[in-house]
Amino acid sequence: MSWELVDRLRRRFPQVEPFPRREEAKAPVYMTPGAWMPADRLLEVCRFVAADPEFAMDYLSFVTGVDYPQEQRLDVVYHLFSFRHRHELLLKVRVPRDDPRVPSVTGIWQGADWHEREAYDLLGITFEGHPNLRRIMMTDDWVGHPLRKDYVFEDPEWLRALAEQRQREIEGLGLGERT
C-alpha cells in the first residue's frame, strides 16, 4: 500500500487530485492511497490502472457513493485491488447532487454490475452505459433514494394496505392488537 501509486497515476493523468496524505492532512486522513478525478476521465483512468502492469488493478471490490447535501454533491467511490502486486487504490469522482452521472465501469470489471445498481437504487447515481441499470434492493414503485441524507421515509401504499390487512387478520387473537 504505497502512495507511490498515486504519484505514478498523477504523472500519467495530471488532472487527478491526490487525497491528503497522513503527514499532510489535518482532516480527513486517508489510509488507502487514492485520488479524485473528473468524471469525463474516469473510464480512461480505470482502463489504464486495470491494464498497466505496474498497477494491474484486476479486482474492483466495491463501488459506492457518499452524499454531501451541504455541498450539493455526491462522491462516487471505487475501491480497487491488485492480486498480483497486493496493493490497493481508491478512486473518487465528484458529481452534482441534482444530476449524478458517471460512466459505468462494468466493461472493465464485470463485478461492478451489482455495485453500480445498488448505488443507483440507494443514492440515485446514474451509471451511463450500464447493461441493466434498475433497482436492485427497493421495489420498482419506491420513491426516492434511501441513503441520501435528506431522504424522508414514507411507507408505500401497498405496504400500508398489507399492514392493515395483517392487523385485521390478527384482531381478536390477542396478538399485537393496538389499544
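Structure: above.
Everything in this summary refers to the structure shown in the same document. (Residues numbered from 1 in each chain as written. Predicted model: local features only at pLDDT ≥ 70, side-chain atom pairs only at ≥ 80, totals over all residues. Heavy atoms only, no water.)

### Concerning the pairing of strand 3 (residues 59-68)
The line we're drawing: The pairing criterion for strands is at least two bridges between them, as found by DSSP. Helical segments are the DSSP runs of H or I of at least four residues, strand segments are the runs of E of at least two, and each set is numbered from the N terminus.
Where strand 3 and strand 4 (residues 73-82) come together, 9 bridges link them in antiparallel fashion. If you follow Phe62 over to strand 4, its bridge partner there is His79. Taken together, strand 3 and the strand that follows it, strand 4, pair antiparallel across an intervening segment of 4 residues, in which Gln72 is found at a positive phi of about 55°.

### Comments concerning the sheet that holds strand 5 (residues 87-96)
Keep this limit in mind: The criterion used for residue contact is that any of the two residues' heavy atoms lie within 4.5 Å. Think of each axis as a best-fit line through the C-alpha atoms, taken over the contacting stretch in the case of a helix, with angles from 0 to 180 degrees between the N-to-C directions.
As summarised here, the arrangement of the 5 strands in space is 1-2-5-4-3, forming an open sheet in which the pairing is mixed. This sheet does not close on itself; its edge strands, each paired only once, are strand 1 (17-18) and strand 3. Judged from the 2 bridges that link them, strand 1 and strand 2 (residues 34-37) form a sheet pairing that is antiparallel. Across the sheet, residue Glu17 finds its bridge partner in strand 2, namely Trp36. Packing of helix 1 (residues 4-12) onto the sheet brings it into contact with strand 1, strand 2 and strand 5, and relative to strand 5 it is tilted by some 50°.

### What about the nonpolar core?
To keep it simple, the criterion reads: The set of buried Ala, Val, Leu, Ile, Met, Phe, Trp, Tyr and Cys residues whose side-chain atoms join them within 4.5 Å is what this entry labels a nonpolar core. Burial classification: accessible surface area is computed with a 1.4 Å probe over protein chains only, and a residue below 20% of its type maximum counts as buried, one above 50% as exposed, and the rest as partly exposed.
In terms of nonpolar packing, the biggest core is built from 37 residues, with Leu9, Val49, Tyr78, Leu91 and Val102 touching the most fellow members. Counting residues per element, the ones that place at least two in this core are helix 1, strand 2, helix 2 (42-51), strand 3, strand 4, strand 5 and helix 3 (112-123). With sequence-adjacent residues up to four places away left out, Val102 is seen in contact with Ala39, Leu42, Val76, Tyr78, Val93, Val95, Ile125, Thr126, Phe127 and Glu128.

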